[in-house]
Amino acid sequence: MRSNVLKFIEKHKLLKEGQTIFVAVSGGPDSMALLHFLWEHRTILKINVKAVHVHHHLRGDEADQDATYIERYCLNYHIPYMKKDVDVRGYAKQRNIGTQLAARELRYQWFEELVDENSRIATGHHGDDQVETMIMMSVRGRNPLKAVGIPAFRKLGHGAIIRPFLGITKQEIEHYCNDVSIVPRRDSSNSSRNYTRNRFREDLLPFLKRENPNVHLHMQRQQEWCSEDQQFLMELAEEILPTLMLSKNEQNVTISQRAFTKINMPLQRRVIHLILNYLYGKNSPSTNFIHIEQVLHMMNREHMNGEHYLPNSFLFRRDYDRCQFLKIEQETLVQTSEELAIPGSIALGDWFIRAHVTEEQDLNEADNQIILDLEQVQLPLTIRQVLPHDRMLCRGMSGSKKIRRLFIDRKVAHNERNDWPLVVDKMENILWVPLLHRSRVANVNRNTLKRLVLTCRRQVVDVED
Ligand SMILES: Nc1ncnc2c1ncn2[C@@H]1O[C@H](COP(=O)(O)OP(=O)(O)OP(=O)(O)O)[C@@H](O)[C@H]1O
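Residues numbered from 1 in each chain as written. Predicted model: local features only at pLDDT ≥ 70, side-chain atom pairs only at ≥ 80, totals over all residues. Heavy atoms only, no water.

The chain carries the name tRNA(Ile)-lysidine synthase in an unreviewed UniProt entry, which gives Halalkalibacter suaedae as its organism. Per its UniProt entry, the chain bears the Catalytic activity (unreviewed entry) comment "cytidine(34) in tRNA(Ile2) + L-lysine + ATP = lysidine(34) in tRNA(Ile2) + AMP + diphosphate + H(+)". (UniProt positions renumbered as here; feature names shortened; annotations may be inferred.)

Quick look at the structure:
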């Protein structure tokens, strides 16, 4: 294990002589083993080692004991130690995010403050984490243009974050802890099946390891090669983008359709990705890939003028050769749009829509219902009218379908189409056209814990079937 880690460090040039390595320690086996390993090898590697711990104040006594355990360990071995107390709950509330994500953001904010050109943060992520992460991201539908898996080296502020253990398994780490008499802390939440990662770890990893005990090495190689390919293509797309551009400002990027269709598909995808990233800045939605597909479809047809609505009040508009990505005023988007409280209900004209949450498992969707996996729904939900180029990823069909087309297929009378409500999530995904179609976004699966049930009622007539 020792020589594998040293080789991995060398291969990826994770450290330089004279650097200070802040080892991010949670008290668990991975980060304690990493701290021990780097401390033991500090002379050979010619580095300075310091332990850093973030006290999240989340798990009551357990978290206090973690902090005390690390502090004592460092005192014993004379390892320099720093601790930061953070208010995860307050931050999560303020940012309207979950506590896990809040804890992670606060950790990384502090790490970023700590590092400079001559230092690195080292975390205990290992090969099994890599396997879990790569598979989990694919299963959950990650944006294929975003980073693949866990990088061994990534820039962070003025410094970088490194993961020296990515080439070894959890089992090797546990053996190492045994060998060097580390009795680590065990986080009780690591076994909870409420967390997706834990379900992947318990259900999938043993199977993969039985098939091939070296699965982590293959995944690691895939991560490295894909990231390099990705970086290369992205740099190429960055070079090409200015040659397609007709005009550009913070709220509007216009490119030429003719020039765009001359480049190949991998670069086309990346050009749109870059434009959306430029316009959205840090608030780039993770579901951009759905929109990239739709924009590509409109750009690659010879005669296809029209508009496609993008999340956060952006619009794609094709007008012959001119393809614009532009910011629009919310008011020009919709005539009626109301947020649906959960639980709660909304009455819109003849329509009444109710939302409630249940943990009941054996539920069948009635014709006037949609049942969604609450954890996967991007809240808030709004109810709004149909816009000209609205499209939906319909359940049971591939690709997306225009809502206008659905109305035609289901013979909805012209005078009813304007007032037909749509249930839309935060990312502008249309989840449900009541009584007509359900989308395949946020579908219930075997692991769904909480179900969001939306029920509609219509006072006048029902649709012809
Ligand atoms: N509270 C914390 N303070 C400092 N670093 C942390 C903290 N929590 C996690 N880390 C760092 O992030 C890495 C990954 O965290 P994760 O929660 O996935 O693992 P863990 O369950 O804490 O396992 P372990 O401590 O055994 O590495 C850890 O190995 C550690 O380097």
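Below, the discussion takes up the UniProt feature "binding site: ATP" (unreviewed entry) in the chain. UniProt's entry tags S26, G27, G28, P29, D30 and S31 with the feature "binding site: ATP" (unreviewed entry), counted in the numbering of this structure. For S26, the position within the fold is in the loop between β1 (20-24) and α2 (29-40). Not counting the four nearest positions on each side in its chain, S26 is found in contact with S31, H53, D66 and I70. A distance of 3.2 Å separates a polar side-chain atom of S26 from the backbone nitrogen of G28. By secondary structure assignment, the location of G28 is in the loop between β1 and α2. With near-sequence residues (within four places) excluded, G28 lies in contact with P184 and R185. (Helix = DSSP H or I, 4+ residues; strand = E, 2+ residues; numbered from the N terminus. Contact = heavy atoms within 4.5 Å. Polar contact = N/O pair within 3.5 Å; in protein donor to acceptor, adjacent residues only side chain to side chain.)

A separate point is the domain arrangement of the chain. You can read the domains of the chain as domain 1 (2-213), domain 2 (228-319) and domain 3 (334-458). Measuring from the centre of the C-alpha atoms in domain 1 to the corresponding centre in domain 2 gives 36 Å. Contacts between domain 1 and domain 2 engage six residues on the former and eleven residues on the latter. In terms of surface lost to domain 2, no three residues of domain 1 exceed N143, L145 and K146, which account for 81% of the buried area on that side. Counting every contact that joins domain 1 to domain 2 gives one residue pair in polar contact (both at pLDDT 80 or more). (Domains from an automatic or database assignment. Buried area = accessible area lost by both parts, 1.4 Å probe.)

Taken together, 17 residues form the shell around the ligand, and within it A24, S26, D30, S31 and V54 come nearest. P29 places a main-chain nitrogen or oxygen 3.1 Å from an oxygen atom of the ligand. Elements with a contribution of two residues or more to the shell around the ligand: α2, β2 (48-55) and α6 (99-114). Residues belonging to the shell around the ligand are distributed by class as follows: six nonpolar, nine polar and two charged. (Near = heavy atom within 4 Å. Nonpolar A, V, L, I, M, F, W, Y, C, P; charged D, E, K, R; others polar.)

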